[in-house]
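What follows is the residue order along each chain.
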Amino acid sequence: MFEFLMGVEFLLLLVLVGVSGATGYAANHLKYVGESESSFRLWLKAAKVGVYIGTALIMVWALDIMIIFENYGWLFIMDRVLNLLPLLSLPAAIVLIFALPNLSREANKKSLLFFIVSVHVMTVGAVLAFFLVTIDIPAIPNTKDLLIYGGALIISAGLLWLYHGRRIRILEKRLPRFSIRIIRGAVYFVLVFVVAITGLVVSQRMSEFPGRMNMVHHHTADFGGGDSSLDENTNAHHDDHDSNSDSKPISVVELKGPQTDIPDKKYVLYAETKKIRLASGETIEAWTFNGQSPGPELVANEGDLVEVRLVNKNIDSGVTIHWHGVDVPNGEDGVPGMTQDAVMPGESYTYRFVVNEEGTHWYHSHQQSSIQVQKGLFGAFIIHPSSQHETKTMDTTIVAHDWITPDGRNIPALDTADTFQRKMVNPGTPVRLRLVNAGNLTRTFSLNGVPFKVVAIDGFELNEPGTLTTSLLRIGGGGRYDVEFIMPDTAVTLAMLMEGKPIGIVYSPDGHGKQNVLDEGEVLDITKYGSPAQTPFNTSTVFDRTFTLILDQTYFGVYNGEAGQQWVINGKTFPDTPTLMVKEGDLVKTTFVNRSFADHPMHLHGHHVQVISKNGKPISGSPLVLDTVNIEPGETFEVAFLANNPGLWMDHCHNLDHAQKGMTMHVAYENVYTPFAIGSETVNSPE
Ligand code: C2O
Ligand code: CU
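Within every chain, residues take consecutive numbers counted from 1 along the sequence as written. Following the order in which they are written, the chains are lettered starting with A and the ligands numbered starting with 1. For a predicted model such as this one, the threshold for reporting local features is a pLDDT of at least 70, and the threshold for listing and counting side-chain atom pairs is 80 or more; totals across whole chains, interfaces and linings nevertheless cover every residue. Calculation of side-chain values draws on the structure's entire complement of heavy atoms; hydrogens and water are dropped beforehand.

As annotated in an unreviewed UniProt entry, the protein chain carries the name Copper oxidase and comes from Paenibacillus montaniterrae.

This is how it looks when you write it as structure tokens:
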């Protein structure tokens, strides 16, 4: 439904551009009819019909926008109403109310001029509106956009008035031959084409990142309605600022875990290339930790000091490790160019942090993340509650991932199993399946043959989760669900549903169970699952800062020197996306709106966010505390967090292909700066 309404909008505007172009052509012809009464009538009729069709299209567009408003809310249409509507409706109204009624053969040249100009302004309005929706989405209306596009419309009206006025005066004396007019038309066309191409090339060049740049950007600071003196010190060149805050700037390198204490858990991870074999026999040229992918499962207990030494054996582009879902100190976050430099071949880097949470998490390289995670530089990171008692639980982690073969085929798999697997489990055994989605795309899982519960999401234990039988589980990229059941004496089938054959695991008492895939059912709505409980934030919390982030797609744009379709936040790609400025102790609310046609699993580093509402309705089930919030097309999520982990934090889409194209931004604490940088003169490319 949502995609349909947005698709209709696109089509209406596209047709409107065509119709108003043709109308403009017809109106222009009125200049060339000379004394011929009949051809004047003909062209006038054509222009009138065009104006009426154009107006009708605008009205249908407005209706479409109203339906979107009714179903999805104001945030979905505010730019349409404030930026597009005036561009479309004002010129049409002028044509209909003022220009058309006064136009006749006998009327003076002025009325003809007025008519032609106003019809052409209508065309310009349609083109600008189409440009806005496809290339320069306003998202959050601001006066600058209003002035630029409104100004463009008014200036073009003025220029058209001068141009057509002069032409009409010349044509009174002498009508040019048809061939001349064709040539004129061609020249204008080429001119427009040249301007467009030049614009493209220039903006492409300008979008290229400089050789060295800071990842956190001031020019896009968004203070969320809170104290706006914060950005004074977030700059690496803080010393040339006169700060009004008395605390002195902190570098991210000072924000580290305990450096000297003896660690409770110690791991070494060697990043290296290695061929791995999938269950089907397919070979993958993988990038691995310790020769395997998924890498070794890291296991710790809540409260442990964990030390991980990363050694890069031979990954030429460098490696880092980010602890996805674990709120480590900023200096341990593993973002190249922001919290460290990428670890190059032959180098090593040691991470140390105390894990203050439990649950199913994962780790992955954040250097060229879209490539390196895809190639296999990831693994599970399981933190057990400190109070865990011994049980005979079968506790397994299953990581969904898409492998790419050397000849470019995409192979979805659970760990390295791209075929159905069989496992033996004794009846009566409590089973905990930790499902991790390390892929970019949302994955749907089903469990057949046993009642089960989703006991945790993103490592956070749900409150009184109910028993499920036929629900499908949809996990966005980067997300995790923990599922529990008691093994029955019949077979249980876990499946990952996809186009074509599903893959999965059959658990059975003898290890030979038959697969029986549940491939239909309702998707579990996690905002209505389990029972409510006391939470730090709710719909009546007063926040220090509130941010609104609208996720869109543009049909065409440029990002770091490359042209194509873009995924944008508030109409922009990095580094023009907003930097969310906070200070320690702030209560922060963020509203995400997905107006595009793809899922966007938004992941904030260093914090967990509590979901307050979905699509305007407060959540009614268990509290939900996530690190990756999957927002589907047409959805709105309000999430909140307490700013309690000072640093510079990425906040990005965990469809890493989207992040790689600029769907990324930052949360920046006041007074924190980074000495690191990204760009071609550095080794860092976090994406
Ligand atoms: Cu799992 Cu910034 O990533
Ligand atoms: Cu995305």
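Now, onward.
A look at the coordination of the copper ion (ligand 2)
Taken together, His600 (ND1), Cys653 (SG) and His658 (ND1) make up the protein donors of the copper ion (ligand 2), found 2.0 to 2.1 Å from the metal. Linear spacing of the donor residues for the copper ion (ligand 2) on their chain is H-x52-C-x4-H. Placement of the pair is histidine 600 in strand S26 (residues 600-604) and histidine 658 in helix H8 (residues 656-660), with a sequence separation of 58 residues. To sort residues, take the accessible area from a 1.4 Å probe on protein chains only and compare it with the maximum for the residue type: under 20% means buried, over 50% means exposed, and anything in between is partly exposed. Classification of histidine 600 as buried rests on a relative accessible area of 0%. For Na, K and Ca the donor cut-off is 3.2 Å; for every other metal, N, O and S atoms count as donors within 2.8 Å. Water does not enter the count, which can leave sites looking incomplete. Under the DSSP-based scheme used, a helix requires at least four consecutive residues in state H or I and a strand at least two consecutive residues in state E, with every element numbered from the N terminus.

Looking at the packing of helix H2 (residues 37-72) against helix H3 (residues 78-99)
Comment: axis = line fitted to C-alpha atoms, over the contacting stretch for helices; angle = value between 0 and 180 degrees taken between N-to-C directions. Put simply, H2 and H3 touch, their axes get as near as 10 Å, and they point 155° apart. One element, H2, and the other, H3, form an angle in the roughly antiparallel class. You can see that H2 and H3 cross each other, and the crossing is left-handed. Where H2 abuts H3, its residues Val51, Tyr52, Thr55, Ile58, Trp61 and Ile65 lie against Arg80, Leu84, Leu85, Leu88, Ala92, Val95 and Leu96. Lys, Arg, Asp and Glu make up the charged group, whereas Ala, Val, Leu, Ile, Met, Phe, Trp, Tyr, Cys and Pro make up the nonpolar group; the residues left over, Gly among them, are polar. Along the lines of polarity and charge, the residues of the contact of H2 with H3 split into eleven nonpolar, one polar and one charged. Here the word oblique covers every angle except those under 35 degrees (roughly parallel), over 145 (roughly antiparallel) and from 65 to 115 (roughly perpendicular). Each crossing is labelled by how the near helix is turned from the far one, with a counterclockwise turn of less than a right angle marking it left-handed and a clockwise turn marking it right-handed. Whether two residues are in contact is decided by their heavy atoms, any of which lying within 4.5 Å being enough.

Description of the domain arrangement of the protein chain
When the domains of the protein chain are assigned, the result is domain 1 (2-175) and domain 2 (218-252 + 533-673). Summarising the inter-unit geometry, the C-alpha centres of domain 1 and domain 2 are found 38 Å apart. In this assembly, 20 residues from domain 1 lie in contact with 20 residues from domain 2. Buried area counts how much accessible surface, traced with a 1.4 Å probe, disappears from two parts once they are put together, with both parts' losses summed. Counting each side, the surface lost to burial between domain 1 and domain 2 is near 1500 Å², with a carbon and sulfur contribution of 68%. Contact with domain 2 buries area across many residues of domain 1, yet Leu75, Phe76 and Ile137 alone supply 34% of it, more than any other trio. The partner of aspartate 79 in a salt bridge is arginine 595, with the nearest N and O atoms 2.8 Å apart. Pairs of N or O atoms within 3.5 Å make up the polar contacts considered here, provided that, within protein, one atom can donate a hydrogen while the other can accept it, and that residues adjacent in sequence are counted only when both atoms are side-chain atoms. Linking domain 1 with domain 2 are four residue pairs in polar contact (both at pLDDT 80 or more), by the criterion used here. Sorting the residues of the side of domain 1 that touches domain 2 by element identifies helix H1 (2-29), H3 and helix H4 (109-134) as the ones contributing at least two each. Residue contributions to the side of domain 1 that touches domain 2 peak at five residues, all from H1. Its residues placed into classes, the side of domain 1 that touches domain 2 shows 14 nonpolar, two polar and four charged. The split into domains, and so the bounds of each, comes from an automatic or database assignment of domains. Between Lys or Arg on one side and Asp or Glu on the other, a salt bridge is scored when a side-chain nitrogen of the former is within 4 Å of a carboxyl oxygen of the latter.

Observations concerning the sheet that holds strand S4 (residues 283-289)
Note on pairing: DSSP must find at least two bridges between two strands before they are called paired. Strand order in this open sheet of four strands is S4-S3-S6-S8, and the pairing throughout is mixed. Each edge of the open sheet is held by one strand with a lone partner, namely S4 and strand S8 (348-354). Taking each pair of neighbouring strands and ignoring which way they run, the sheet shows an average axis angle of 25°. Pairing geometry for strand S3 (residues 265-277) and S4, over seven bridges, is antiparallel. Residue pairing for S4: glutamate 272 is matched across the bridge by threonine 288.

A short note on the UniProt feature "domain: Plastocyanin-like" (unreviewed entry) in the protein chain
UniProt positions are given in the numbering used here, feature names are shortened, and annotations may be inferred rather than shown by experiment. According to UniProt, the feature "domain: Plastocyanin-like" (unreviewed entry) maps to residues 273-387, 416-483 and 563-670 in the numbering used here. The straight-line gap between the two end C-alpha atoms of residues 416-483 is 20 Å; of that span, 0% is helix and 47% is strand. Between the first and last C-alpha atoms of residues 563-670 the distance is 34 Å; the span itself is 5% helix and 53% strand.

Considering the pattern of salt bridges
Tallied over the entire structure, the rule returns 27 salt bridges. The salt bridge involving aspartate 395 is made with arginine 434; its shortest N-O contact spans 2.7 Å. Within this pair, whereas aspartate 395 is found in strand S11 (residues 394-404), its partner arginine 434 is found in strand S14 (residues 430-437), the two being separated by 39 residues in sequence. Classification of arginine 434 as buried rests on a relative accessible area of 4%. A single network of salt bridges, built from pairs that share partners, joins Asp395, Arg432, Arg434, Glu461, Asp482 and Glu484.

With respect to the packing of H3 against H4
Packing of H3 against H4 leaves a shortest axis separation of 9 Å and a crossing angle of 165°. Classified by the interaxial angle, the pair formed by H3 and H4 is roughly antiparallel. Between H3 and H4 the crossing geometry is left-handed. Only Phe114, Phe115, Ser118, Val119, Val121, Met122, Gly125, Ala126, Leu128, Ala129, Leu132 and Val133 of H4 make contact with H3, whose side of the interface consists of Arg80, Asn83, Leu84, Leu87, Leu88, Pro91, Ala92, Ile94, Val95, Phe98 and Ala99.

Considering the side chain of glutamine 553
With respect to the secondary-structure elements, glutamine 553 resides in strand S22 (residues 545-559). Side-chain polar atoms of glutamine 553 contact the backbone nitrogen of phenylalanine 597, separated by 3.2 Å. When sequence neighbours within four positions are dropped, the list of residues in contact with glutamine 553 reads Ile137, Gln565, Gln566, Trp567, Val568, Arg595, Ser596 and Phe597.

Digging into the side chain of serine 293
Considering the arrangement of structural elements, one finds serine 293 in the loop between S4 and strand S5 (295-301). We classify serine 293 as buried; its relative accessible area is 7%. A distance of 2.8 Å separates the side chain of serine 293 from the backbone oxygen of glycine 376, its partner in a polar contact.

Some thoughts on the nonpolar core
Inside soluble globular proteins, nonpolar side chains tend to come together where they are buried. Residues enter a nonpolar core if they are buried and are Ala, Val, Leu, Ile, Met, Phe, Trp, Tyr or Cys, with the set joined through side-chain atoms within 4.5 Å. Counting residues in each nonpolar core, the largest one holds 75 residues, and the members touching the most others are Leu433, Phe445, Leu447, Val454, Phe485, Leu494 and Tyr507. Other than its neighbours up to four places away in sequence, valine 454 contacts Leu462, Pro465, Leu468, Leu473, Tyr481, Asp482, Val483, Leu524 and Tyr529. Counting 54 residues, the second largest nonpolar core, distinct from the first, contains Val33, Ile77, Met122 and Ile137.

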